[in-house]
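A look at the structure
Chain residues, written in single-letter form:
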Amino acid sequence: MARIDGRAPDELRKIVITPDYLSHPLASVLIRNGGTRVVCAVSIDAKVPAWMKNRKVPGGWITCEYGMLPASTHDRMKRESSAGKQGGRTVEIQRLIGRSLRMSADLLKLGENTAYLDCDVIDADGGTRCAGITGAATALAIACRRGVAKGIFPENPFKESVAAISVGVIGGVPMLDLCYEEDSNAEVDMNVVMTESGKLVEVQGTAEGEPFSRARLNELIDLAEHGLKQVFAMQREAVETALEVRP
């Protein structure tokens, strides 16, 4: 089945991860996945949330703030700040990114520090949450290495990377890395978050038409893993590039 952009069903969109896109954070990347672009930054605050102090929970914390620029979509989005609160979708996505990235680090080795992940969508063409996870994990890996060099952490708290990709079924055909138009017409829509060692962090899957079988679920997860193996290689390359240029 021909795709909108001519890709094969199991082919990723072009992904480019540009490290140190911003000047001020400890680490940042611009991740481009097809027409989607997300700026991901990591900042370290030398304190932990009040609930951790009150419960005397050891170690540090990783949390995320996610947002979309008004002009990132076809029709201008209203700024959430002008509405006085975040929308449900925004809260869901930033919680997903925070959960996913906490799988990539040893919170005890973070010490009494909070790593803030800021993920800002500047162009949206499907898969913004997946790009946010992949980009934020890349930036966190860089930040942890730099944090050791700067004496923020006594040892590297980063364990292994996480990344995410979308898969779906369109016209009965399983497809990898859906753009917005494909996602809007998918019979099954799924986001898969996985560690570099191949363990699942989260699977978000929905049937938009008919329910799908367990066999189809396994097929889609295998397809996602096929794509994520390529993404992990891109993350590793971006981390090493960043540390060569700015240790």
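Under an unreviewed UniProt entry, the name given to the chain is Ribonuclease PH, and the organism recorded is Victivallis vadensis.

Considered as a void within the structure, the largest pocket measures approximately 660 Å³ in volume. In this structure, the largest pocket is lined by 29 residues; those nearest its centre are Tyr-66, Met-68, Met-77, Arg-89 and Thr-128. Of all the secondary-structure elements, those providing two or more residues to the lining of the largest pocket are strand S4 (61-68), helix H2 (80-83), helix H3 (88-102), strand S5 (114-123), helix H4 (128-149), helix H5 (180-184) and strand S8 (188-195). At three residues, S4 tops the list of elements feeding residues into the lining of the largest pocket. Grouping the amino acids of the lining of the largest pocket by side-chain chemistry returns nine nonpolar, eleven polar and nine charged.

So, on to the UniProt feature "domain: Exoribonuclease phosphorolytic" (unreviewed entry) in the chain. This chain's UniProt record puts "domain: Exoribonuclease phosphorolytic" (unreviewed entry) on residues 11-143 and 162-225. End-to-end, the C-alpha atoms of residues 162-225 are 12 Å apart, and along that stretch the chain is 27% helix and 45% strand.

Under the counting rule described, the total for this entry stands at zero disulfides. Looking at the unpaired Cys-119, the closest cysteine sulfur is the one in Cys-40, lying at 4.0 Å. Considering cysteine sulfurs only, Cys-119 is the nearest to Cys-144, which forms no disulfide, with 15 Å between them. We classify Cys-144 as buried; its relative accessible area is 1%.

Before going further, it helps to examine the pattern of salt bridges. In this structure the tally under the stated criterion is 14 salt bridges. Between Glu-182 and Arg-3 there is a salt bridge, with its nearest N and O atoms 2.9 Å apart. Residue Glu-182 is found in helix H5, and its partner Arg-3 is found in the segment before strand S1 (15-19); the two are separated by 179 residues along the sequence. The exposure class assigned to Glu-182 is buried, which follows from its relative accessible area of 4%. In this structure Arg-3 comes out as buried when scored by relative accessible area, which is 6%.

Grouped together as the largest cluster of nonpolar side chains are 60 residues, with contacts concentrated most on Ile-97, Leu-101, Leu-117 and Leu-140. When near neighbours in sequence (up to four residues on either side) are disregarded, Ile-97 contacts Cys-64, Tyr-66, Leu-117, Cys-119, Arg-129, Gly-132, Ile-133 and Ala-136.

Let us now look at the side chain of Glu-182. Polar contacts involving the side chain of Glu-182 include one to the main-chain amide nitrogen of Cys-179, which spans 3.2 Å. Those residues in contact with Glu-182 that lie beyond four places of it in its chain are Arg-3, Ile-4, Arg-7, Ile-170, Met-175 and Asp-177.

As a further point, take empty space enclosed by the protein. One pass over the full model with this rule turns up one cavity of 30 Å³ or more. Within this model, the largest cavity holds a volume of roughly 50 Å³. Around the largest cavity sit Ile-15, Ile-31, Asn-33, Cys-130, Ala-131, Thr-134, Ala-164, Ile-165 and Val-231, which together line it. Those elements giving two or more residues to the lining of the largest cavity turn out to be strand S2 (27-33), H4 and strand S6 (162-170). The element that contributes the greatest number of residues to the lining of the largest cavity is H4, accounting for three residues. Residues of the lining of the largest cavity, tallied by class, amount to seven nonpolar, two polar and no charged.

As summarised here, the arrangement of the five strands in space is S1-S2-S3-S5-S4, forming an open sheet in which the pairing is mixed. Among the strands making up the open sheet, the edge pair consists of S1 and S4. Going across the sheet, the axis of each strand differs from the next one's by a mean of 15°, ignoring polarity. As paired strands, S2 and strand S3 (residues 36-45) are joined by seven bridges and run antiparallel to one another. Considered in S3, the bridge of Leu-30 is made with Val-39. Where H3 meets the sheet, it contacts S4 and S5, and its direction lies at approximately 145° from that of S4.

Each value, and the rule that gives it
- Here the residue numbering is sequential within each chain, running from 1 through the sequence in written order.
- Per-residue local features of the predicted model are confined to residues with pLDDT of at least 70, and side-chain atom pairs are confined, for both listing and counting, to 80 or more; whole-chain, interface and lining totals are unaffected and use all residues.
- Computation of side-chain values covers all heavy atoms of the structure but excludes hydrogens and water.
- Cavity and pocket criteria rest on a 1 Å grid covering protein atoms alone: a 1.4 Å probe that fits but cannot get out defines a cavity, protein on both sides within 12 Å along at least 5 of 7 lines defines an open pocket, and an atom within 4 Å of a point defines a lining residue.
- Grid points are joined across faces, edges and corners, and a volume is the space filled by probe spheres set on the points.
- Working definition: helices are DSSP H or I runs of at least four residues, strands are E runs of at least two. Numbering for both runs from the N terminus.
- Charged means Asp, Glu, Lys or Arg here, nonpolar means Ala, Val, Leu, Ile, Met, Phe, Trp, Tyr, Cys or Pro, and polar covers whatever is left, Gly included.
- UniProt positions are given in the numbering used here, feature names are shortened, and annotations may be inferred rather than shown by experiment.
- When two cysteine sulfur atoms are found within 2.5 Å, that pair is recorded as a disulfide.
- Buried residues are those whose accessible area, probed at 1.4 Å on protein chains only, stays under 20% of the maximum for their type, while exposed residues exceed 50% and partly exposed ones sit between those limits.
- By definition here, a salt bridge exists when the distance from a side-chain nitrogen of Lys or Arg to a carboxyl oxygen of Asp or Glu is within 4 Å.
- Here, nonpolar core refers to any group of buried Ala, Val, Leu, Ile, Met, Phe, Trp, Tyr and Cys residues whose side-chain atoms link them within 4.5 Å.
- When checking whether two residues touch, look at their non-hydrogen atoms; a contact exists if any pair is within 4.5 Å.
- Counting of polar contacts relies on pairs of N or O atoms within 3.5 Å, with two restrictions inside protein: one atom must be capable of donating a hydrogen and the other of accepting it, and residues adjacent in sequence are counted only when both atoms are side-chain atoms.
- Being paired, for any two strands, means DSSP has found at least two bridges between them.
- Comment: axis = line fitted to C-alpha atoms, over the contacting stretch for helices; angle = value between 0 and 180 degrees taken between N-to-C directions.

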